[in-house]
Amino acid sequence: MRFTTVEVERFLLSHPDKTFYAFAFDTNAEYAELNLCFNTELDFQRCLAYYQSGKWATSYQNPEAIQELKFNTGDWEYQCVSTLYVLSEDELQVIQQRLPEDDFSEWEAIVGQIRSIFSECLLQFTQTEVYQAIPKTDDFIAFSIDHDEDVADILADRVECAE
């Protein structure tokens, strides 16, 4: 929480003229990695125009593909504005060495716990003054996504939770 609060506050101070449509925890739970990401509507429109006019133009014409691009943190202007490794490589190695070599279920459970911690942290962050201070569009969204999760699934989960 401290990392997120401090880094988001620092980022906002260096971008006082921006209004954001999304904030994301872009995570890689297998490496205990947390990246903070933001994007603006103007930056998304620039990215969309680039993709729609390039060699992949036909791939970015339907609403689903456009939605996928809009929430794909890898295409955001402010991707990975700050990164935290919750566990060091050495700590991860020690954990992995203690696990059975032929059964990945314990490792998968640990990775699932790390994902849950990241999601809980984001939820707690949304209750802070720093989060409230983010200049937001009316349809602003905050979400957590791991490297092996699909953007469409994340957005579908958010819609189901809202209903």
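Going by the structure above, here's the rest.
Residues numbered from 1 in each chain as written. Predicted model: local features only at pLDDT ≥ 70, side-chain atom pairs only at ≥ 80, totals over all residues. Heavy atoms only, no water.

Chemist: Hey, could you run me through the side chain of Glu7 in this one?
Modeler: Relative to the elements of secondary structure, Glu7 occurs in helix H1 (residues 2-14). Apart from residues no more than four positions distant in its own chain, Glu7 is found in contact with Leu36 and Ser82. (Helix = DSSP H or I, 4+ residues; strand = E, 2+ residues; numbered from the N terminus. Contact = heavy atoms within 4.5 Å.)

Chemist: Would you explain the packing of aromatic side chains in this entry?
Modeler: By convention here, two paired aromatic rings are described through the distance between centres and the angle between planes. With the rule as written, the count across this model stands at 17 aromatic pairs. Relative to Phe38, the ring of Phe20 lies with its centre 4.8 Å away and its plane at 50°, an arrangement referred to as tilted. Of the two residues, Phe20 is situated in strand S1 (residues 20-28) and Phe38 in strand S2 (residues 33-40); the sequence distance between them amounts to 18 residues. On the accessibility criterion, Phe38 (0% relative accessible area) is buried. Feature note: the residues Phe11, Phe20, Phe23, Phe25, Phe38, Tyr78, Phe125, Tyr131 and Phe140 constitute an aromatic cluster, connected by ring pairs. One residue, Lys136, lies across the ring of Tyr131, its end atom 4.6 Å from the ring centre. (Phe/Tyr/Trp six-rings, centres within 6.5 Å; stacked < 30°, edge-to-face > 60°. Buried < 20%, exposed > 50% of the residue type's maximum accessible area, 1.4 Å probe, protein only. Lys NZ or Arg CZ within 6 Å of the ring centre and 35° of its normal.)

Chemist: Help me understand the nonpolar core in this model?
Modeler: One broad rule of soluble globular proteins: the nonpolar side chains tend to lie buried together. Grouped together as the largest cluster of nonpolar side chains are 27 residues, with contacts concentrated most on Val8, Phe20, Phe23, Phe25, Phe38, Phe125 and Ile134. Elements supplying a minimum of two residues to this core: H1, S1, S2, helix H5 (105-125), helix H6 (129-133) and strand S4 (136-146). In terms of residues, this core owes the most to one element, H5, which gives seven residues. Those residues in contact with Phe20 that lie beyond four places of it in its chain are Phe11, Leu12, Phe38, Asn39, Thr40, Tyr78, Ile134, Pro135, Lys136, Thr137 and Phe140. Within the second largest apolar cluster, 18 residues are counted, among which are Cys37, Tyr51, Ile145 and Ile154. (Core = buried A, V, L, I, M, F, W, Y, C linked by side-chain atoms within 4.5 Å.)

Chemist: I'm lost on the side chain of Asp146 in this one. Help?
Modeler: Looking at the secondary structure, you find Asp146 in strand S4. According to the relative accessible area criterion, Asp146 is buried, its value standing at 2%. There is a polar contact of 2.8 Å between the side chain of Asp146 and the side chain of Thr27. Reaching out from Asp146, the side chain makes a polar contact with the side chain of Arg115 at a distance of 3.2 Å. (Polar contact = N/O pair within 3.5 Å; in protein donor to acceptor, adjacent residues only side chain to side chain.)

Chemist: Even after reading the chapter, I still don't get a negative patch on the surface, so can you show me in this structure?
Modeler: Residues Glu30, Glu101, Asp102, Asp103, Glu106 and Glu108 make up a contiguous surface patch of negative charge. Its location among the elements puts Glu101 in the loop between helix H4 (89-97) and H5. (Patch = residues over 30% accessible without salt bridge, like charges linked within 9 Å, V, L, I, M, F, W, Y side chains within 5 Å. Areas by Shrake-Rupley, 256 points an atom, 1.4 Å probe, with all protein chains shown as cover. Salt bridge = Lys/Arg side-chain N within 4 Å of Asp/Glu carboxyl O. Lys, Arg positive; Asp, Glu negative; His and termini not counted. Charge placed at Lys NZ, Arg CZ, Asp CG, Glu CD.)

Chemist: What is the right way to look at the environment of Gly112 in this model?
Modeler: Tracing the backbone shows Gly112 in helix H5. Since its relative accessible area comes to 25%, Gly112 is described here as partly exposed. In the structure, Gly112 is positioned 83 residues away from Ala29 in sequence and 7.7 Å away in space, judged by C-alpha atoms.

Chemist: Would you mind going over the pattern of salt bridges with me for this structure?
Modeler: Tallied over the entire structure, the rule returns four salt bridges. Across the salt bridge formed by Glu41 and Lys70, the nearest N and O atoms sit 3.1 Å from each other. Taken as a pair, Glu41 in helix H2 (residues 41-53) and Lys70 in helix H3 (residues 63-70) lie far apart in primary sequence, 29 residues in all. Classification of Glu41 as partly exposed rests on a relative accessible area of 27%. On the basis of relative accessible area, Lys70 is assigned to the buried category, the value being 12%. Residues Arg115 and Asp146 are paired through a salt bridge, measuring 3.2 Å at the closest nitrogen-oxygen approach. Taken together, the residues Arg115 in helix H5 and Asp146 in strand S4 connect sequence positions 31 residues apart.

In short, the description is geometric, and any link to function would need to be established separately.
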